[in-house]
Amino acid sequence: MSAIATKGTTSPAFLDSLRTLLGDGLITSREELRTYECDGLTNLRVVPAAVVLPSTAEQVQAIVRLCAREHVAFVARGSGTGLSGGALPVEGGIVISLARLNRILEIDIANARAVVEPGVINTAVTQRVAPYGYFYAPDPSSQTVCTIGGNVAENSGGAHCLKYGFTTTHVLGLEVVLPDGSLVQIGSKALDAPGYDLSGVFVGAEGTLGIATKIILRIVRRPEVIQTLLAAFDSTNAAGAAVSDIIASGILPAAIEMMDRLSIQACEAAVHAGYPECGGLLLVELDGPAAEVEALMGRVRQKCLANGAWPQIRVAQTEEERALIWKGRKAAFAAMGRISPNYIVQDGVIPRTALPAVMEEIERLSSAVGLRVANVFHAGDGNLHPLVLYDRRIPGQEEAAERLAGDILKICVRAGGSITGEHGVGADKKMFMSEMFAEPDMETMQLVRCAFDPEQLSNPGKIFPRTRLCAERPGPYVPHPLELSGEAQLF
Amino acid sequence: MPGISKAAKPNLAQTLEVLRSIVGDAGVRRGAPADAVCGVVPELCVEPADEAELSGVLQYANEAELMVSPRGGGTKLDWGTQPQGVDLAISTARFNRVLDYAPCDMTVTAGAGVSIAQLQSTLATHGQRLALDPLWPERATIGGVIATNDSGALRVRYGGIRDLMIGATIALADGTLAASGGKVVKNVAGYDLPKLMAGSLGTLGIITRAVFRLHPLPECSQTLSWTFADCQRAKDFMLAISDSLVVPSGVQMRTGGYRSVDVDVRIDCIAAGIEPQIEAVRKLAGEVRPTEPEAGPWQMREQLWKPGGDTNPSCILKLSVLPTQLASVAEFVRSSLGSPQHANSGRAGDPGSGWTLLMHSTGLGWLRLDFGEDGSMECARLAEFISVLRALLVSAGESAVLLQAPPCVREKVDIWGDAGSALSLMMRIKQQFDPRGIFNRGRFVGGI
């Protein structure tokens, strides 16, 4: 918490300036501020000093300028659905909600582009372009409520990123208010703007490099047909073997999802999707030109059967059937409430082929600790979402669950994977960064931070386990007071 | 040789001695004209054997403030603005091993000096590929392709190198080796530095290895070509394909000073899927009948550069426009540089045809401008043309970057054009990564 504590706080004069600027777009009452004390990761809470709700990019810029002048930390927030505490407020700092910057500014079908403000809801983009036969591809499970700005911060994925890529694949440029209050255009509607790929590094930076006020998106032509197959297996290992076979045969499905027995039970209890009670359920979606999908679906079916799928394989042909199959999967996290009073949603990634070994390891840990773990995977890209089930009322269980969730991440890294596939590092996982990266790796990443935000005002204390103090190099070296006090290091 | 602290600079003998102690006698040699970076011949060329040696060389170069130019296969050494000087060309030639290929996970880690062709042949043994078709794959290395962000016709379907690269290790100016990204396709831990390296032209560090996601090789591939009377119709056809249910792996327009407009369309998929897609494309072309393509339409981008170097001076521009502007750019070039006098009597790349334009449906294009033997295209006129073209493009965020140009044009126009409002941010990134400015000083956008 070192660097954070040194930030300025919101003086009455500062708040007055905000009030003049925003009128009713300023929240300071303790009660209302509580709404913003956490995001989707509810075990971390900080009540901010104030929340501002700007309606224009100019207002965002004016707010950030004030923060820069007064040295007040700020945290941008979309809908607050993030699962890693990325929008967790900073003590003494303000939250800048982008909810009112919710206009779709431009739809350009001929060039397959859309220009939106950060507060636009993910599905709103698809709704606007659907009449023209297009969609916006990244589809995090929270897509009906989460914002594009939040997706940009987290580089959100979703079930279909196996084929279509992540938010970063679909963001061509941004208008950004930098932490010093200046406004820059990075990237553009056309590809390969001369210079560094700043969009590439801004997307996924979890709000630590500034605030996007305008986002240029790529939209995608809706495929001719979409077919979704549901196959039951005795175990996740058998289902995993089928996944490997499908991929090895040269098929790139739009999505491959897997659920284990516990997840299936929870989903059935919650939404009655008609899932068979089995040890491993596979959902494979193919999309594209009709003839190709038809032929490939035959191959997928064959690969499933060859790996022990139960004979009754379902293929959804209509939009309704498809929606029902997906309904269970998309409700999986929330469905855990049906079988456990509390649960932790974990997000790790492994190379697809490591699945059997990793599953075995998770099972071993789970029984050793005596806590159940339900597993939901984006199996095509090795993204695991183990759900650690526990009961907060039982003393010690919450801590045990947190330890188990952390141990699962370590297993993922040891298998050659990552500590997060789509939920972000945020406040939640920064201590796990060093499981994956060496000090020089993280120091080098923070060079980018120093270029964008040398004062570290934009969402400080996230991603990195230690804050790097930024210095102009080379030049006469003057130690920072925090360095002298041993609270931070200058690398 | 210019430098910021000449006085402190070691002499050549001292430098040689230190470098030999790091990379051995065989790892260092004097620079030759063939090593020139935008016309600047490096004093010395160094070939470290591994990352540790590279790190040692960089530590020394940084302390001594030697100007460094990283190089891979040396195919694009003339891209960019002429650097202020090159004391050391550091080659990744010995980083030439595929380090970790996991066919079942469809990922590969390779040393930066592995050529694209070498990588593809390794991957082909498992029916896979890096879905990227950059220039000169036999010689171009993955490090060089990342640094120059070169991409070909496959981009329309698979994206550019930024979209295919999932991890990278870079050596910074001070010798620090830093990894970012990872070995799995889906990963959001930490900043996405691999993307920052894409197109950075060796100004932030030296890429030592990179990790890529792979795609299966297509079972079948078919290309057909259509000839249109004008660019407008060709563009309409290209946009209609983009707006259709067809999934092409390449759509390009080819035209030039003496010819009409050809459009090539490639479909890659399983055998059962090819015919319906080709049929759909035929319908979109309306009355115009397809022809069997001329030999190697997808190699024509490469042919804009003359094999063995140009005898006549010429310019090559990389264009980036919105797909809807494909025709207006072509028409602007035609109206500025001359309309066809002998329509259809030439081929793309024919000497004397004046100019050749190749544009992909993504909006990326390459324009070759030949200087006529009769002096009809002289420097001043070309420089003027480029300035006017850029003025037309800039408001929509479009651009025209000179990849090849004779000195007389380089003197008159900036190679890169306008970098926009983010230039000072880019300069701060450069300052952070390379505070002494040893890497490719002055070669990049805005003098970076």
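Cut-offs used in this document
Residues numbered from 1 in each chain as written. Chains lettered and ligands numbered in written order. Predicted model: local features only at pLDDT ≥ 70, side-chain atom pairs only at ≥ 80, totals over all residues. Heavy atoms only, no water. Disulfide = S-S within 2.5 Å. Helix = DSSP H or I, 4+ residues; strand = E, 2+ residues; numbered from the N terminus. Buried < 20%, exposed > 50% of the residue type's maximum accessible area, 1.4 Å probe, protein only. Contact = heavy atoms within 4.5 Å. Pairing = 2+ DSSP bridges. Buried area = accessible area lost by both parts, 1.4 Å probe. Salt bridge = Lys/Arg side-chain N within 4 Å of Asp/Glu carboxyl O. Polar contact = N/O pair within 3.5 Å; in protein donor to acceptor, adjacent residues only side chain to side chain. Axes fitted to C-alpha atoms, helices over the stretch in contact; angles between N-to-C directions. Parallel < 35°, antiparallel > 145°, perpendicular 65-115°, else oblique. Left-handed = near helix turned anticlockwise from the far one by under 90°. Nonpolar A, V, L, I, M, F, W, Y, C, P; charged D, E, K, R; others polar.

Novice: Please explain the state of the cysteines as it appears in this structure.
Specialist: Disulfide: a covalent bond formed between the sulfur atoms of two cysteine residues. Counted by the stated rule, this structure contains 2 disulfides over all chains. For Cys450 of chain A, the disulfide goes to Cys470 of chain A, at an S-S distance of 2.0 Å. Of note, the bridge from Cys450 of chain A to Cys470 of chain A carries an S-S torsion of about -80 degrees and is left-handed in sense. With Cys450 of chain A in helix H18 (residues 439-452) and Cys470 of chain A in the loop between H18 and helix H19 (481-484), the pair connects residues that are 20 residues apart, well separated along the chain. Assessed through its relative accessible area of 3%, Cys450 of chain A is described here as buried. For Cys38 of chain B, which is in no disulfide, the shortest distance to another cysteine sulfur is to Cys315 of chain B and amounts to 14 Å. On the basis of relative accessible area, Cys38 of chain B is assigned to the buried category, the value being 7%. Lacking any disulfide linkage, Cys315 of chain B is separated from the closest cysteine sulfur, that of Cys408 of chain B, by 7.4 Å. Residue Cys315 of chain B is classed as buried on the basis of its relative accessible area, which comes to 0%.

Novice: Just checking my understanding: could you explain the side chain of Ser115 of chain B for this structure?
Specialist: All names here are of chain B. Topologically, Ser115 is positioned in the loop between strand E6 (107-111) and helix H3 (116-124). We classify Ser115 as buried; its relative accessible area is 11%. In this structure Ser115 touches Pro137, Glu138, Arg139, Ala140 and Thr141, once residues within four positions along its chain are discounted.

Novice: Looking at this model, I keep getting lost on the pairing of strand E12 (residues 225-233) of chain A. Mind explaining?
Specialist: Residue and element names in this part refer to chain A. Here E12 lies mainly inside the structure; 8 of its 9 residues are buried. Judged from the 9 bridges that link them, E12 and strand E14 (residues 280-288) form a sheet pairing that is antiparallel. Paired with Ile226 across the strands is Asp287, a residue of E14. As judged from the 3 bridges shared by E12 and strand E15 (residues 314-316), these two strands associate in the antiparallel manner. Bridge pairing in E15 places Leu229 opposite Val315.

Novice: Looking at this model, I keep getting lost on the interface of chain A and chain B. Mind explaining?
Specialist: Size of an interface: often given as the accessible area lost when the parts come together. With 86 residues of chain A at the contact, the number on the chain B side is 78 residues. Counting the surface lost from both chain A and chain B, the interface buries some 6500 Å², and carbon and sulfur atoms represent 60% of this. Among the residues of chain A in contact with chain B, Asp192, Pro194 and Tyr196 of chain A are the three that bury the most area, contributing 13% of the side total. Our count for the chain A to chain B interface comes out at 5 salt bridges. Linking chain A with chain B are 24 residue pairs in polar contact (both at pLDDT 80 or more).

Novice: Sorry if this is basic, but what is going on with the pattern of salt bridges here?
Specialist: Where charged atoms from two side chains of opposite charge approach closely, those side chains can pair. A complete count under the given rule lists 44 salt bridges over all chains for this structure. With a shortest N-O distance of 2.7 Å, Asp192 of chain A and Lys318 of chain B are connected by a salt bridge. Taken together, the residues span two chains, with Asp192 of chain A in the loop between strand E9 (183-187) and helix H9 (198-202) and Lys318 of chain B in strand E15 (residues 314-320). In this structure, Asp192 of chain A and Lys318 of chain B share a single accessibility class: buried. One network of salt bridges, in which partners are shared, links Arg34, Glu37 and Arg45 of chain A.

Novice: Looking at this structure, how should I read the packing of helix H11 (residues 326-337) of chain B against helix H12 (residues 379-394) of chain B?
Specialist: Two numbers describe a pair of packed helices, the interaxial angle and the distance between the axes. Residue and element names in this part refer to chain B. Running from amino to carboxyl end, H11 crosses H12 at an angle of 150 degrees, the nearest separation of the two axes being 11 Å. Viewed along their axes, H11 and H12 adopt a mutual orientation that is roughly antiparallel. The way H11 lies across H12 gives a crossing that is right-handed. In this structure, H11 contributes Val329, Phe332, Val333, Ser336 and Leu337 to the contact, and H12 contributes Arg381, Phe385, Val388, Leu389, Leu392 and Leu393. Considered class by class, the residues forming the contact of H11 with H12 number 9 nonpolar, 1 polar and 1 charged.

Novice: Would you mind going over the environment of Ile339 of chain A with me for this structure?
Specialist: Residue and element names in this part refer to chain A. Residue placement: Ile339 occurs in the loop between helix H14 (332-335) and strand E16 (342-345). In sequence terms Ile339 and Ala205 are 134 residues apart; their C-alpha atoms lie 35 Å from each other. Ignoring anything within four residues of it in the chain, the contact list for Ile339 reads Leu262, Ala266, Arg372 and Leu389.

Purely geometric stuff here, so don't read any function into it on its own.
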